[in-house]
Amino acid sequence: MRNMLNIVLFGPPGAGKGTQSPMLIEKYGLIHLSTGEMLRDEIKRGTPLSEEIKHLIEAGHLVSDKIVFEMVREQLEAARSPKGFIFDGFPRTTKQAEMLDKEMADHDTKIDMMIALQLDDETIIKRIQRRAEIEGRADDADVSIIHTRIKNYNEQTAVVMDYYRAQGKFHFVDGNKTPQDTFAAICAVIEKVTK
Ligand code: ADP
């Protein structure tokens, strides 16, 4: 087993995964794999799949497991001697979690832990609306699309927590706090698990 630290950073849309990831990368020397960023990049580059992806994201729906997994696999292959990965916004379905486990095993490594940020719907909506003003993402701009994303999270994505719970890898952190306090709580989990 290669000596890596592989973390699934989990939580509803707007939970703060994109804020925490750079801090974790810096502290632990990990590679950041954000499927949301990969998909937005695909749209920007106007690849053959970009129209389909754009349509789904702007409606607040998930992109297919197959498309997402191909992108993740490519990035995993491209990484040379990584210390480990932070998976941000992925896996978002049980199928994706199963594919990731298999891919990790094929590379003689594994997922060490899932850290799930938990926060109230009200805070989520407020944060996404603030982000809409800063980043200008189309899927952040409309409150009915935000509701669709939260609904899809509850219906398709929240079950991924059970998947990792069954493997004894689930940890949760209160995401309602400040970025610094949340970061400290995440680091405390990592230290405990890797001790
Ligand atoms: P947020 O954390 O606000 O949901 P992301 O950047 O993680 O933002 O995701 C934006 C959108 O990209 C999602 O609403 C979804 O449409 C799509 N997406 C991202 N990751 C995945 C994934 N693993 N599987 C399917 N769709 C995804």
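Residues numbered from 1 in each chain as written. Predicted model: local features only at pLDDT ≥ 70, side-chain atom pairs only at ≥ 80, totals over all residues. Heavy atoms only, no water.

1. Side note on the overall build of the protein
Convention followed: Working definition: helices are DSSP H or I runs of at least four residues, strands are E runs of at least two. Numbering for both runs from the N terminus. For the radius of gyration, the atoms used are the C-alpha atoms, and the globule rule reads 2.2 Å times the number of residues raised to 0.38. Throughout this description, buried means an accessible area under 20% of the type-specific maximum (1.4 Å probe, protein chains only), exposed means over 50%, and partly exposed covers the range between. Contacts are assigned to residue pairs with any non-hydrogen atoms lying within 4.5 Å of each other. Throughout, the Shrake-Rupley method with a 1.4 Å probe supplies accessible areas, and for residues the shown protein chains are the sole cover considered. Here Asp and Glu are counted as negative and Lys and Arg as positive; His is not counted, and neither are the chain ends. One atom stands in for each charge, and that atom is NZ of Lys, CZ of Arg, CG of Asp or CD of Glu.
When you go through the protein residue by residue, the secondary structure sums to 10 helices and 5 strands. Over its C-alpha atoms the protein spans a radius of gyration of 16 Å, differing by no more than 12% from the 16 Å that the globule rule assigns to 195 residues. Out of the 195 residues in the protein, the part that is buried amounts to 49%. Long-range contacts, defined here as pairs at least 24 residues apart, represent 76% of the contacts in the protein between residues at least 6 apart. Surface summary for the protein: the accessible area is close to 10,100 Å², and the carbon and sulfur share equals 51%. On the protein, the mean spot of the 27 positive side-chain charges and the mean spot of the 31 negative ones are 4 Å from each other.

2. Quick notes on the packing of helix 5 (residues 94-106) against helix 9 (residues 159-166)
Heads up, the rule is: To define axes, lines are fitted to C-alpha atoms, for helices over the stretch in contact only, and angles between the resulting N-to-C directions are given on a 0 to 180 degree scale. With respect to orientation, any angle under 35 degrees is reported as roughly parallel, any angle over 145 as roughly antiparallel, any angle of 65 to 115 as roughly perpendicular, and every other angle as oblique. Charged residues are taken to be Asp, Glu, Lys and Arg, nonpolar residues to be Ala, Val, Leu, Ile, Met, Phe, Trp, Tyr, Cys and Pro, and polar residues to be all remaining types, Gly included.
Two numbers describe how helix 5 lies on helix 9: the axes approach to 8 Å, and their chain directions differ by 40°. When the interaxial angle is binned, helix 5 and helix 9 end up oblique. Within the contact between the two elements, helix 5 uses Thr94, Ala97, Glu98, Leu100 and Asp101 and helix 9 uses Val159, Val160, Tyr163 and Tyr164. In terms of residue class, the contact of helix 5 with helix 9 is made up of 6 nonpolar, 1 polar and 2 charged.

3. Some words on the site of the ligand
Threshold: The rule for a residue being near a molecule or strand is that one of its heavy atoms must lie within 4 Å of it. Nitrogen and oxygen atoms within 3.5 Å of one another constitute a polar contact, given that in protein one can donate a hydrogen and the other can accept it, and given that sequence-neighbouring residues count only through two side-chain atoms.
Thr35, His61, Arg92, Arg131 and Arg149 are the nearest of the 20 residues found near the ligand. In this structure, arginine 92 approaches the ligand through a side-chain N or O atom, which is 2.6 Å from an oxygen atom. In the complex, the protein chains occlude 97% of the 550 Å² of accessible area that the ligand would expose alone. Ranked by residues supplied to the shell around the ligand, first place goes to helix 2 (residues 35-45) with 4 residues.

4. A few points about unusual backbone geometry
Trans is the common state for peptide bonds, and a negative phi is the common state for residues other than glycine. At the junction of phenylalanine 90 and proline 91, the peptide bond is cis and its omega measures out at -5° in the coordinates. Following the sequence through the fold, proline 91 ends up in the loop between strand 3 (85-88) and helix 5. Not every positive phi belongs to a glycine, and aspartate 108 is a case in point at roughly 65°. Counting through the fold element by element, aspartate 108 comes out in the loop between helix 5 and strand 4 (113-118). A relative accessible area of 44% places aspartate 108 in the partly exposed class.

5. Description of helix 5
Heads up, the rule is: What a helix is expected to span follows from its residue count: subtract one and scale by 1.5 Å. The arc under discussion is defined with respect to the helix axis, by the directions toward the C-beta atoms.
Along its 13 residues, helix 5 runs 19 Å from first to last C-alpha, staying within 8% of the 18 Å computed at 1.5 Å per residue. Listed as buried for helix 5 are Gln96, Ala97, Leu100, Asp101, Glu103 and Met104. In a view along the axis of helix 5, the buried residues occupy a sector of 165°, so they form one face of it. Turned more than 90 degrees away from the buried face of helix 5, the exposed residues are Lys102 and Asp106. Structurally, helix 5 contributes buried residues whose contacts are with strand 1 (7-10), helix 4 (65-78), strand 3 and helix 9. After helix 5 finishes, the residue aspartate 108 shows a positive phi value of roughly 65°.

6. Let's talk about the layout of surface pockets
Heads up, the condition is: Here a cavity denotes a set of grid points, spaced 1 Å apart and computed over the protein atoms alone, in which a 1.4 Å probe fits but from which it cannot get out, and a pocket denotes an open set meeting protein on both sides within 12 Å along at least five of seven lines; residues with an atom within 4 Å of a point are reported as lining. Grid points are joined across faces, edges and corners, and a volume is the space filled by probe spheres set on the points.
Approximately 1,100 Å³ is the volume attributed to the largest pocket. Along the wall of the largest pocket there are 48 residues; nearest its centre are Pro13, Gly14, Lys17, Arg131 and Arg137. Elements with a minimum of two residues in the lining of the largest pocket: strand 1, helix 1 (17-28), helix 2, helix 6 (121-135), helix 8 (143-157) and helix 10 (179-194). Per element, the largest residue contribution to the lining of the largest pocket is 6 residues, and it comes from helix 6. Of the residues contributing to the lining of the largest pocket, the split by class is 17 nonpolar, 18 polar and 13 charged. In this structure, the second largest pocket occupies an estimated 210 Å³ of space.

7. Some remarks on the packing of aromatic side chains
Test applied: In this analysis, rings of Phe, Tyr and Trp, with Trp reduced to its six-membered ring, are considered paired at centre separations within 6.5 Å, and the interplanar angle assigns stacked below 30 degrees, edge-to-face beyond 60, and tilted for intermediate values. Two limits define a charge over a ring: the Lys NZ or Arg CZ must be within 6 Å of the ring centre, and within 35 degrees of the ring normal.
In total, this model carries 5 aromatic pairs according to the counting rule given. Ring geometry for phenylalanine 10 against tyrosine 153: centres 5.9 Å apart, planes inclined by 40°, an arrangement best described as tilted. Here tyrosine 153 lies in helix 8 and phenylalanine 10 lies in strand 1, a separation of 143 residues in the sequence. Residues phenylalanine 10 and tyrosine 153 agree in their burial class; the two are buried. Residues phenylalanine 85 and phenylalanine 87 carry aromatic rings whose centres are separated by 5.8 Å and whose planes lie at 40° to one another, so their mutual orientation is tilted. In terms of burial, phenylalanine 85 and phenylalanine 87 fall into one category: buried. Here the aromatic residues Phe69, Phe85, Phe87 and Phe90 are joined through ring pairs into a cluster of three or more. Seen from the ring of phenylalanine 170, arginine 165 lies directly overhead, with NZ or CZ sitting 4.5 Å from the centre.

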